[in-house]
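# Inside the fold
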Amino acid sequence: MIPYSKQNIHKDDIDAVRQVLESAFLTQGPKVQEFEAALARYCKVKHCVAVCNATAALHLACKALGVQHGDLVITTPLSFVASANCALYCGAKVDFVDIDSRTWTIDPVKLRLQLQSIYDDGGRVKALVVVHFAGLSCDMQAIYEIAHSYGIYVIEDASHALGATYMGEPVGGCRYSDMAIFSFHPVKMITTGEGGAIVTNNAELDEKLRLLACHGLVRDREQFQDFDEVGWFGPWAYQQVALGYNYRITDIQCALGITQLQKLDSWVAERNRLAGVYRQNLAQSPVQVQEVPSFAESSYHLFVIRLPGHLNRHEVYNKLRANGYGVNIHYIPIHTQPFFQALGFSLGDFPVVEDYYRHALSLPLFPGLDDQIVFDICQVLTG
Ligand SMILES: *Cc1c(COP(=O)(O)O)cnc(C)c1O
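All values reported here derive from a predicted model rather than from experimental measurement. (Residues numbered from 1 in each chain as written. Predicted model: local features only at pLDDT ≥ 70, side-chain atom pairs only at ≥ 80, totals over all residues. Heavy atoms only, no water.)

### Some thoughts on the side chain of D100
With respect to the helices and strands, the residue D100 is situated in the loop between strand 3 (93-96) and helix 5 (108-120). For D100, a relative accessible area of 12% corresponds to the buried category. Looking at D100, its side chain comes within polar contact range of the main-chain nitrogen of R102, at 2.8 Å. Apart from the residues within four sequence positions on either side, D100 is in contact with T105, I106, D107 and V352. (Helix = DSSP H or I, 4+ residues; strand = E, 2+ residues; numbered from the N terminus. Buried < 20%, exposed > 50% of the residue type's maximum accessible area, 1.4 Å probe, protein only. Polar contact = N/O pair within 3.5 Å; in protein donor to acceptor, adjacent residues only side chain to side chain. Contact = heavy atoms within 4.5 Å.)

Structural data, given as structure tokens:
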């Protein structure tokens, strides 16, 4: 079965991992910092904290902003469940804003209206988690302007969008957000096995994120409370000053991330080329593809299509699978999951994403995918 996405591991990746395995540090060593520095440089951002996965990254991002019980966090229903769960982990409530029917990212017009109605009713919103769906950046300037006018924090879930650009700048530069997070799961743009990162230009947030990612412990005397060299906390001291987690990533993983990142630009170019082949072959068909506004270059984590009404998605899915093409669906709208239904959401709450979902299909796309397979898939779709 040709998968919808997969990792690319080369000899330099394996050599880099072996080197770490033969070194003194498997974790908490120099490769973590080196990976963080490389990511920060790539994204043109000041700070980067690498962690064990993007779900942990989202949790820490919410924690660092002080999201807690009584707060409301808003995200899009078209994402992986982690984009919403991060708020729930903090004891906050979550709500959704529907997507735009052409870009499939959060709709800024609906966002403005929904915020207005929440604030008119005396409510408030703590943070907004936007998702750069399939690798296409949301219109961050517009979103930031709206969020900023209400004093709402903005987190970019850029799990799909490492290597993408917005207004000519790398996604993750955080010009129009407080933080952005990335995932390095094997289906994403680069991989560390499991892995994630948070980037920010805010030094205070960076410090909080590091503290929370490592048990809330400090080892630097300057950060100690009530430190007395000869007392209880001697020269060996570490202090827990907050309730943190062990969300660390290993040096083994970061070594892989460093060599993977070096190949990212060529992979983004190849994904864009393959997406172009899909687009060309589907241009004369009634299949809908994601509209890429002029402000963005997609990283094409996914190539998603929406089938025309006369085609039964379930049948097309089965037919492509039977032919060996591992098509997939991204995503079942979060609010329709049983857990979220139990929180009070219902089918019908977000009609645009529900209509999108009924017809959506993710086609195989990854560097190394043969053009012939793209032709064949398009043949099945249009034939
Ligand atoms: C993959 C993904 C995540 C979670 O990433 P993990 O690294 O697997 O925790 C979160 N949000 C989105 C949009 C994703 O695609």
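### Quick word on the sheet that holds strand 9 (residues 196-200)
In any sheet, the strands associate via hydrogen bonds between backbone groups, in a parallel or an antiparallel arrangement. If you trace the seven strands from one edge of the open sheet to the other, you get 1-9-8-5-4-2-3, paired in mixed fashion. Because the sheet does not close on itself, it has two edges, and the strands there are strand 1 (47-51) and strand 3. Pairwise comparison of adjacent strand axes, ignoring direction, gives a mean angle of 20 degrees for this sheet. Bridge count for strand 2 (residues 72-75) against strand 4 (residues 127-131) is three bridges, and the pairing is parallel. Considered in strand 4, the bridge of I74 is made with L128. (Pairing = 2+ DSSP bridges. Axes fitted to C-alpha atoms, helices over the stretch in contact; angles between N-to-C directions.)

### Focus on the packing of aromatic side chains
This structure, assessed with the given rule, holds 16 aromatic pairs. Taking 6.5 Å as the distance between ring centres and 45 degrees as the angle between the ring planes, the aromatic pair formed by F80 and Y331 counts as tilted. A residue pair is termed long-range when its members are at least 10 positions apart, and F80 in the loop between strand 2 and helix 4 (82-89) and Y331 in the loop between helix 9 (313-322) and helix 10 (338-341) qualify at 251 residues. Classification of Y331 by relative accessible area gives buried; the value is 11%. Here Y245 and Y247 contribute two aromatic rings whose centre-to-centre distance is 5.0 Å and whose plane-to-plane angle is 10 degrees, an arrangement assigned as stacked. Given the relative accessible area of 17%, Y247 is considered buried. It is R313 that lies over the ring of Y357; its NZ or CZ is 4.9 Å from the centre. (Phe/Tyr/Trp six-rings, centres within 6.5 Å; stacked < 30°, edge-to-face > 60°. Lys NZ or Arg CZ within 6 Å of the ring centre and 35° of its normal.)

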